[in-house]
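Single-letter residue listing:
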Amino acid sequence: MRPTKNLLAGLLFVGFGLGGLWLGRGLEIGTADAMGSGYFPRLVCMLAIGCGGLLAVLSLVWPDGRPEAWHWRPLLCVTAAALAFALLLRPLGLVATLAITILLGALAGPMLPPLRLAGLVVVLIAVNVGIFVLALGMPIPLWPAWS
């Protein structure tokens, strides 16, 4: 029997969930009334394990297609976008970092027309600034440190 897409995806979810539980093993769980720092991560990891296990079992009952060939461009572009966000947020501020991150992420798939891509950048920056800076009051710099 050859592995199918859903079986591999399910096993990946289970693996990430188990890895997350192991990495968060030292965090205090608490209770539903008084949640500790490990309560929500543990809950998410258990949900990932459950969903992955269900997906893997269902793939054995109803086999789906074979896995596709490996695509390097999306992997590299999404990884570069995540690294760019982590490395550029402090020196460039949220606005420029989000613009760079969105553009790197957009390279992972078929290119959007320039006007649509610019609109996406503007909307996502506005939403992120609205949520994290204005609504939640997080102390994230909006502009470069040298301005």
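Residues numbered from 1 in each chain as written. Predicted model: local features only at pLDDT ≥ 70, side-chain atom pairs only at ≥ 80, totals over all residues. Heavy atoms only, no water.

Draft legend 1. Main features of the layout of surface pockets. Its volume calculated, the largest pocket comes out at about 270 Å³. Listed by contribution, the elements that provide at least two residues to the lining of the largest pocket are helix 1 (5-23) and helix 3 (72-106). Of the residues belonging to the lining of the largest pocket, the class tally is seven nonpolar, one polar and one charged. (1 Å grid on protein atoms, 1.4 Å probe; cavity = no way out; pocket = protein on both sides within 12 Å on 5 of 7 lines; lining within 4 Å. Points joined across faces, edges and corners; volume = space filled by probe spheres on them. Helix = DSSP H or I, 4+ residues; strand = E, 2+ residues; numbered from the N terminus. Nonpolar A, V, L, I, M, F, W, Y, C, P; charged D, E, K, R; others polar.)

Draft legend 2. Examining the nonpolar core more closely. Counting residues in each nonpolar core, the largest one holds nine residues, listed as L94, V95, L98, I102, V121, I125, V129, V133 and I140. Those elements giving two or more residues to this core turn out to be helix 3 and helix 4 (114-135). In this view, V121 contacts A99, I102 and L103; residues no more than four positions away in its chain are not counted. (Core = buried A, V, L, I, M, F, W, Y, C linked by side-chain atoms within 4.5 Å. Buried < 20%, exposed > 50% of the residue type's maximum accessible area, 1.4 Å probe, protein only. Contact = heavy atoms within 4.5 Å.)

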